[in-house]
Amino acid sequence: MTAPTLTLLVLSDAHFDSARTAGGKLAGLNPSLGAELAARAWHDATRRHGHIDAILLCGDIIHAGNATPEADYATFRDTLDLWTQRTPILATPGNCDITPAFFAAFNAPGLHTLGGYRFFVFADAYPDGPADCIRTEEALAEFARVAGESDAPLV
């Protein structure tokens, strides 16, 4: 079986915080630029490679310690929607995204189908804070179940 063609833009570590211009221990980071730089990356990718079918956001959308996560997730998502004419977004949280606001702004974890592919989006647990990531047994079992349900490509 030949896999369908799907063009993805993978973005990670935007560390967006609309209210801060200094990244703390991440020297040289300006968190207020995160949403704009993500939109510029989409623009550059489409200029170079043409149509983008979907955007994969791979964690750390907001900067750790963000005081307004609800507003900043919405701003980040709305900025991408505006620039990309609502290109589908699949998002998985990083250690800086441990907040219900992430799940309110982006797709919930689970199975998503796009362009003939299945995407299993998961959210790791951080029981002792952002430095202690574990993959739960339930998440691994769910992935195994989903993998066996279809011959369609699974990411």
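Presented here is a report on the structure given in the accompanying data block. (Residues numbered from 1 in each chain as written. Predicted model: local features only at pLDDT ≥ 70, side-chain atom pairs only at ≥ 80, totals over all residues. Heavy atoms only, no water.)

### A word on the pairing of strand 3 (residues 89–92)
By the alternation rule, side chains of strand 3 split into I89 and A91 and L90 and T92, which are all buried. Pairing between strand 2 (residues 54–58) and strand 3: 4 bridges, direction parallel. Paired with L57 across the bridge in strand 3 is A91. At this point the chain moves from strand 2, through helix 2 (residues 69–84), to the parallel strand 3, and the crossover so formed is right-handed. (Buried < 20%, exposed > 50% of the residue type's maximum accessible area, 1.4 Å probe, protein only. Helix = DSSP H or I, 4+ residues; strand = E, 2+ residues; numbered from the N terminus. Pairing = 2+ DSSP bridges. Right-handed = clockwise from strand over helix to strand, strands pointing away.)

### Thoughts on the packing of helix 1 (residues 34–49) against helix 2
To characterise two packed helices, one gives the angle between the axes of the helices and the distance between these axes. Closest axis-to-axis distance for the helix 1/helix 2 pair is 9 Å, and the angle between their directions is 25 degrees. One way to sum up the angle between helix 1 and helix 2 is to call them roughly parallel. In this structure, helix 1 meets helix 2 at a crossing whose hand is right-handed. Along its contact with helix 1, which presents G34, A35, A38, A39, W42 and H43, the element helix 2 presents F76, T79, L80, W83 and T84. Across the contact of helix 1 with helix 2, the residue classes tally to 7 nonpolar, 4 polar and no charged. (Axes fitted to C-alpha atoms, helices over the stretch in contact; angles between N-to-C directions. Parallel < 35°, antiparallel > 145°, perpendicular 65-115°, else oblique. Left-handed = near helix turned anticlockwise from the far one by under 90°. Contact = heavy atoms within 4.5 Å. Nonpolar A, V, L, I, M, F, W, Y, C, P; charged D, E, K, R; others polar.)

### Comments concerning the environment of A14
Examined against the element boundaries, A14 turns out to sit in the loop between strand 1 (8–11) and helix 1. Between the C-alpha atom of A14 and that of H63, which follows or precedes it by 49 residues, the distance is 7.7 Å. Apart from residues lying up to four places away in sequence, A14 is in contact with G34, D60, I61 and F76.

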